[in-house]
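# Remarks on the overall topology
The primary structure of each chain is shown beneath.
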Amino acid sequence: MKNRREFMQTGFKALCLCAGGGFLATLALKADEGYFLRPPGGEDEKHFLSLCIRCGLCVKACPYDTLKLASVFDSPKNGTPFFDARKTPCYLCEDIPCIRECPTNALDHQYLEREKGVLELKMGIAILDSASCVAHWGVQCDACYRACPLIDKALKLELKRNERTAKHAFLLPVVDHEVCVGCGLCEHACITEKPAIRVLPRTYVLGKAGTNYIKGWDKQDEQRLKDADTSKKNEQNKARDYLNSKDLL
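Residues numbered from 1 in each chain as written. Predicted model: local features only at pLDDT ≥ 70, side-chain atom pairs only at ≥ 80, totals over all residues. Heavy atoms only, no water.

## A closer look at the overall build of the protein chain
Helices and strands together make up the secondary structure of the protein chain, namely ten helices and six strands. Working note: accessible area of the protein chain is about 17500 Å², and carbon and sulfur atoms make up 54% of it. (Helix = DSSP H or I, 4+ residues; strand = E, 2+ residues; numbered from the N terminus. Areas by Shrake-Rupley, 256 points an atom, 1.4 Å probe, with all protein chains shown as cover.)

## As for the nonpolar core
Leu92 and Leu121 are the most contacted members of the largest nonpolar core, which has 39 residues in total. Taken together, the elements giving at least two residues each to this core come down to helix H4 (97-101), helix H6 (143-147), helix H7 (185-189) and strand S6 (197-200). The contacts of Leu92, once residues within four sequence positions are left out, are Val118, Leu121, Met123, Pro149, Val181 and Cys183. (Core = buried A, V, L, I, M, F, W, Y, C linked by side-chain atoms within 4.5 Å. Buried < 20%, exposed > 50% of the residue type's maximum accessible area, 1.4 Å probe, protein only. Contact = heavy atoms within 4.5 Å.)

## A short note on the environment of Lys116
For Lys116, the location among the structural elements is in the loop between helix H5 (110-113) and strand S3 (125-128). Residue class for Lys116 comes out exposed when judged on its relative accessible area of 53%. Lys116 sits 21 residues away from Asp95 along the chain, and the two C-alpha atoms are 9.9 Å apart.

## Observations regarding the layout of surface pockets
Considered as a void within the structure, the second largest pocket measures approximately 290 Å³ in volume. What lines the second largest pocket is a set of 14 residues, and nearest its centre among them are Glu43, Glu45, Pro201, Arg202 and Thr203. Take the lining of the second largest pocket: its biggest share by element is three residues, from helix H8 (residues 202-205). When the residues that make up the lining of the second largest pocket are grouped by side-chain class, the tally is six nonpolar, two polar and six charged. (1 Å grid on protein atoms, 1.4 Å probe; cavity = no way out; pocket = protein on both sides within 12 Å on 5 of 7 lines; lining within 4 Å. Points joined across faces, edges and corners; volume = space filled by probe spheres on them. Nonpolar A, V, L, I, M, F, W, Y, C, P; charged D, E, K, R; others polar.)

## Some points on the environment of Leu159
Along the chain, Leu159 turns up in strand S4 (residues 155-161). When the C-alpha positions of Leu159 and Ala169 are compared, they lie 6.5 Å apart, and in sequence the two are ten residues distant. The residues touching Leu159, leaving out its near neighbours within four places in the chain, are Ala169, Phe170 and Leu171.

## A short note on unusual backbone geometry
Leaving glycine out, the prevailing phi sign among residues is negative, and the prevailing peptide bond configuration is trans. One non-glycine residue, Leu92, lies in the positive phi region at around 55 degrees. The topology assignment puts Leu92 in the loop between strand S2 (81-82) and H4. Relative accessible area serves as the criterion here: at 11%, Leu92 is assigned to the buried category. For Ile96, which is not a glycine, the phi torsion comes out positive at approximately 45 degrees.

## Describing the environment of Ile99
Tracing the backbone through its elements, the reader meets Ile99 in helix H4. For Ile99, a relative accessible area of 0% translates into the label buried. Residues Ile99 and Tyr111, spaced twelve residues apart in sequence, show a C-alpha to C-alpha distance of 8.2 Å. Apart from the residues within four sequence positions on either side, Ile99 is in contact with Pro40, Gly41, Leu107, Asp108, His109, Tyr111, Leu112 and Leu121.

## Brief notes about the pattern of salt bridges
Tallied over the entire structure, the rule returns five salt bridges. When the shortest N-O distance is used, the salt bridge between Arg146 and Asp142 registers 3.2 Å. The exposed category is assigned to Arg146, whose relative accessible area is 58%. A relative accessible area of 28% means that Asp142 is categorised as partly exposed. Where Arg224 meets Asp221, a salt bridge forms, and the shortest distance between an N and an O atom there is 2.8 Å. Judged by its relative accessible area of 16%, Asp221 falls in the buried class. (Salt bridge = Lys/Arg side-chain N within 4 Å of Asp/Glu carboxyl O.)

Listed below in structure tokens is the structure:
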């Protein structure tokens, strides 16, 4: 009788564990699969995840409550810090307290050593959807432009003639991806129901030209040609022979 009772208790505990595990797995599957932004200095996701210990010190250090720790309902790894620019953007504190409080260098401390470190951050890039941006409709709106802490640098207004009315001009926001730090203040300020300008992680947006191309006007980039082997000759008939090969006929 005793063994039977112990067996039932053990079986019930196992059933509870299975049910609990299944419930957590369901929550994880239902978690928001959208993009997310890391705190300042956490741009390199691989580097960040290898060092982040989920301590939450960066979250506590943020004076604007921008950062939060991910739960099973969020896209980032559970317990890691991130922020939603539409809800609360990064306000670019000059002393970057979130980085200063990070004990493991998961948030790169190199920005603390630079004179304008906060203006050199690369948390993401602002991308504009011209179809939903009311400025592209001819409505005068410069909310994102005015909100940008790097106004006329990261975000500029481009004057364009309105061919439809032939009387007015468009004032169109244009993002300089080289300067944009990805703070999200523009997204936060956007007046449309869903923001027409959004900050995305740089890995979502930027391409990579590779090493095959040289910027002839860039002396530093042109140095890559210094040790290039120019003795190799391309076979002039290679492409023609390939196209005339029996395998393609």
